[in-house]
Structure formats: structure tokens, C-alpha cells
Amino acid sequence: MMIRSLPLFSLVVLLAVAPLSDSIEATESRELRFPPLKDGRLVLSVDTHTHSVFSDGHVWPTVRVWEANKDRLDAMAITEHLEYQPNRDDIPHPDRNRAFELAVKENKQGRERSDLLLIPGAEITRKYAPGHVNALFIEDTNPLLTVKHRREETFETARKALKAAKAQQGFMIWNHPAWPRDFPDGVIKISREQQSLFDEGLIQGIEVANGEYFNDSSLQVALDHDLTIIGASDIHGLIDYDYDINGGSHRTVTVAFTNERSVEGIAAALFQKQTVAVYDRQFIGRETELQTLFDSLVRFERLPARRNDSQQTAVRISNAGPIDIELEVLGDVSLNKSAGYVTVPSHGSTVIMVLDHAPSDEIDLKLEWLNSWQAPKTHARLARTL
Ligand SMILES: [Zn+2]
Ligand SMILES: [Zn+2]
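Here the structure is a predicted model, which means the values were calculated and not measured.

What follows deals with the coordination of the zinc ion (ligand 2). Each donor-metal-donor angle would ideally measure 109.5 degrees in four-coordinate tetrahedral geometry, or 90 or 180 degrees in six-coordinate octahedral geometry. Looking at the zinc ion (ligand 2), the protein donor atoms are H49 (NE2), H51 (NE2), E123 (OE) and D234 (OD), and they sit 2.0 to 2.3 Å from it. Around the zinc ion (ligand 2) sit four donor atoms; with metal-centred angles ranging over 78 to 162°, the donor geometry is irregular. Counting residues between consecutive donors of the zinc ion (ligand 2) along the chain gives the motif H-x1-H-x71-E-x110-D. A spacing of 3.4 Å is found between the zinc ion (ligand 2) and the zinc ion (ligand 1), which share E123 as a donor. Placement of H49 in the loop between β1 (42-47) and α3 (61-70) and of E123 in strand β3 (residues 117-125) is noted, with a sequence separation of 74 residues between them. Residue classification places H49 among the buried residues on the basis of a relative accessible area of 0%.

What follows is the structure in C-alpha cells.
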């Protein structure tokens, strides 16, 4: 009724303006960009696992580049299944580097200018151990195709593929290790073959989070076997269909602590295990990397007291990152108007009132970072004296 009574030109203006302002807001809040660490290293967001129609994905590789730019990823790997080619009748795909080449072309000449880094890779896809493994940073994926047909698969041909990747200084990640097909109860048991692949440096990383799955047991394997902690989307459809972006979620990624903004810098960070997986607003990593990341994201600032005899002190907590930080205040510190659970919004701040503290008293804050995991069922803990 309202719309019918409006003159035609204002309807046009409404249609033009309304979706535009929506999309600007959505774009800003979805951007996965992190501030640098205090030691000057960069924190780059990387999706190490994506598919297109060149294996079993549903989109052309150019769409992956557009999506990555929407999320403002720092880097994305192209990792088509080498052996699993369900679109072979339509896309014969004799050169397994083709999806990467198309993505690179789009990134250079496409409709958007961006600073996205593209990482060449492939998903070695085998039935037996090692299962699905992403090989990243390799120049030519074709030599990794060591079987003509999937019935020729053996552990030895799979190992040969990993050796071909290692010969190109590849970094290899065990993908979705707790797959129900392999471990129906979700608890990973490392076989002798799998262990030999770790020992020979043929697998250096492990996905603790893949798409919408996070698995405690894979984090424990990462810690027990000294593997790099990885989170990735493994996107086949569309990011905006698989993730509730407007609800504040984001694709699963890894943040890598790098000395430089380059594919080489990311490779070095992965080999040195300088990573944190970021999955559905949760941070998963080793204790040191979580503490280092927290230091770069969160700032505590004691605000000047309004009155000298005040028995409560205001502390502003700011978050420079793109994801809300959830904290619990521990110890004998009491807060006014708060039960001790504090959300520090992304790119924002919150103020807590600490009771029984005169302006001259030190405050010893002990905190649990509730949306971080340094081991199964274990959050990172932090201490700050203000
Ligand atoms: Zn897979
Ligand atoms: Zn995959």
C-alpha cells in the first residue's frame, strides 16, 4: 500500500539505496583482517582448502576469488581433488594446475582489485591412509597424480604422491582427520602407517577444524604429534550459503604469523607452526600462539577515577580484531553490574567496573579466554596487572 502511493522516482531511489547500505555493513563486519603482532609480525588469514568444478565443487574458480575478496582473506589455496573427478565428462581436466591458473588470472585481471595472495595446491584423495591430504606451495600438481585409476590405490602409491609433493617443498596437511567414515566415534587412532608419514615429514599439519566441524581429538593429535594447527573451509558450494555471515559467523580459516606479506611468508609460518585456527568465532591454537594473538588484539586501559575516594575502578577493554572476544573474570576481583562474563565486541570496546579498588591500588586481573582452545576442553588463561 505504502509503496503504491509513492511517486515512481522515490521507489527507484529506495530500491537503489536500501540494498547498497545493507551490503556495505555486511562487507565491513565479515572482513577477516587482523592487526599485526606486538613483535611486528603480520597475522594473515588463510583458507588452505577450497574446491571448484575442477573437482567436486559447484562453482568456477573465479567465484572463489570473488568470495575471498568479500571476506578480505589475505590468502587462499586452490586444492582440487587430484584423483576424484566427478565432472570429468564435462571438464576432462588433463592439467591439474588449471583451476589455479584461472584463479590467478581472475586475481590479476578480474573485476576487483585486491591484495589477495593465491597459494597453489592439490588435495591428494586416497581411500587408505593417509586419506585426504592437502599439498600446498607446490609448483606443479600433475606429478602428484600417482594412480591412473582409483582401484590402483595402495598405501605405497599414496606415499609416492606425498614424496612428490615433498620434492617440491610442499607443506602437507591431513584433512578432516576425524571423518566419520574413518573414525565413527570421532576419536582418532593413529595407525603405524600414519605415524610413519609424520616421522618422515610427509605430513606436517592437521585440520582441527574443517568447514562446520571442529573435533577435539584432532587438536589432541596436533599437540601429541607436534603438527601445525590448521582450520579451513573445504568449501564446495558458496560461502554465503554455508555460513551465517549476517549472524556474525565467518568461514573457517587459519591465521598465520608471518614476517612478510607473501606466499613464501605464509609457507614459513606453516612450517614453523606459527598458526591459530579460527572456527565459528573460536580460536584454536597452542598456548604460546594464543597468548601472542591475544596481546595483539586486546588492550586493557584503566580509566581515570572521577573521585579520589572512589572504591571502584573503570577498565576499558578494547578488541582490534574482527571477532568478538569472550572473557570470564576469575579470582577475587568483583565487578559491578556484571557476573564476570564479558564480551569485547570486534573492532570495539567494553568497560568493566572493578569493585573495592581505590585509584591508587593495583588491579590483578585473571582471565579465562572463553572462545579459545589450547587443548581439548581447555581455554587459554591470561593475567594482567593494571
Ligand atoms: Zn577431503
Ligand atoms: Zn576437500
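For interface size, the figure often reported is the accessible area lost on association. Domain parsing of the chain yields domain 1 (29-285) and domain 2 (298-385). With centres defined by C-alpha atoms, the gap from domain 1 to domain 2 works out at 36 Å. With 16 residues of domain 1 at the contact, the number on the domain 2 side is 15 residues. Summed over both sides, the interface between domain 1 and domain 2 buries roughly 1,200 Å², with carbon and sulfur atoms accounting for 63% of that surface. Where domain 1 meets domain 2, there are one salt bridge. For K377, the salt bridge identified is with D216, shortest N-O distance 2.7 Å.

So, on to α3. Each α-helix winds once per 3.6 residues, and so residues spaced three or four apart point in a common direction. In terms of burial, α3 is a largely internal element, eight of the ten residues being buried. When α3 is considered as a whole, its buried residues turn out to be P61, T62, V63, R64, V65, E67, A68 and N69. Tucked inside the fold, the buried residues of α3 contact β2 (75-78), α4 (98-109) and α8 (239-242). Following α3 by one or two positions, R72 has its phi on the positive side, about 50°.

Per the counting criterion, the structure on display carries 25 salt bridges. One salt bridge in this structure joins E368 and R381, with 2.7 Å as the shortest N-O distance. You can see E368 sitting in strand β18 (residues 364-369) and its partner R381 sitting in strand β20 (residues 380-385), a full 13 residues away along the chain. Given a relative accessible area of 53%, R381 falls into the exposed group. Via salt bridges that share partners, R30, D47, D71, D240 and R251 belong to a single interconnected network.

Turning to the sheet that holds strand β15 (residues 335-336), a few remarks are in order. The strand order β12-β13-β17-β15 describes an open sheet built from four strands, whose pairing is antiparallel. Each edge of the open sheet is held by one strand with a lone partner, namely β12 (298-302) and β15. Pairing between strand β13 (residues 312-319) and strand β17 (residues 348-355): eight bridges, direction antiparallel. Bridging from a neighbouring strand, T313 pairs with V354 of β17.

It is the contact of α3 with α4, at a shortest axis distance of 8 Å, that shows an interaxial angle of 50°. Compared by their axis directions, α3 and α4 come out oblique. Seen from above, α3 lies across α4 with right-handed handedness. Taken together, the residues of α4 that come into contact with α3 (itself represented by P61, T62, V65 and W66) are A99, L102, A103, E106 and N107. Looking at the contact of α3 with α4 residue by residue, the class counts come to six nonpolar, two polar and one charged.

Here S296 shows up in helix α10 (residues 287-297). Judged by its relative accessible area of 11%, S296 is buried. Ignoring sequence-local partners within four residues, the contact set of S296 consists of P35, P36, L37, K38 and A320.

Pairing of strand β10 (residues 275-279) with strand β11 (residues 282-285) involves four bridges; the strand directions are antiparallel. For A277, the partnering residue across the bridge sits in β11 and is I284. Once β10 ends, the chain turns through two residues before running back antiparallel as β11, passing D280 with a positive phi of about 40°. Of the strand pairs in this sheet, β11 and strand β19 (residues 372-373) are connected by two bridges, and their pairing is parallel. Across the sheet, the residue bridging to I284 is W373, located in β19.

Rules used throughout
- Residues numbered from 1 in each chain as written.
- Chains lettered and ligands numbered in written order.
- Predicted model: local features only at pLDDT ≥ 70, side-chain atom pairs only at ≥ 80, totals over all residues.
- Heavy atoms only, no water.
- Donors = N, O, S within 2.8 Å, 3.2 Å for Na, K, Ca; no water.
- Tetrahedral: all angles 85-135°; square planar, octahedral: opposite > 155°, others 65-115°.
- Helix = DSSP H or I, 4+ residues; strand = E, 2+ residues; numbered from the N terminus.
- Buried < 20%, exposed > 50% of the residue type's maximum accessible area, 1.4 Å probe, protein only.
- Domains from an automatic or database assignment.
- Contact = heavy atoms within 4.5 Å.
- Buried area = accessible area lost by both parts, 1.4 Å probe.
- Salt bridge = Lys/Arg side-chain N within 4 Å of Asp/Glu carboxyl O.
- Pairing = 2+ DSSP bridges.
- Axes fitted to C-alpha atoms, helices over the stretch in contact; angles between N-to-C directions.
- Parallel < 35°, antiparallel > 145°, perpendicular 65-115°, else oblique.
- Left-handed = near helix turned anticlockwise from the far one by under 90°.
- Nonpolar A, V, L, I, M, F, W, Y, C, P; charged D, E, K, R; others polar.

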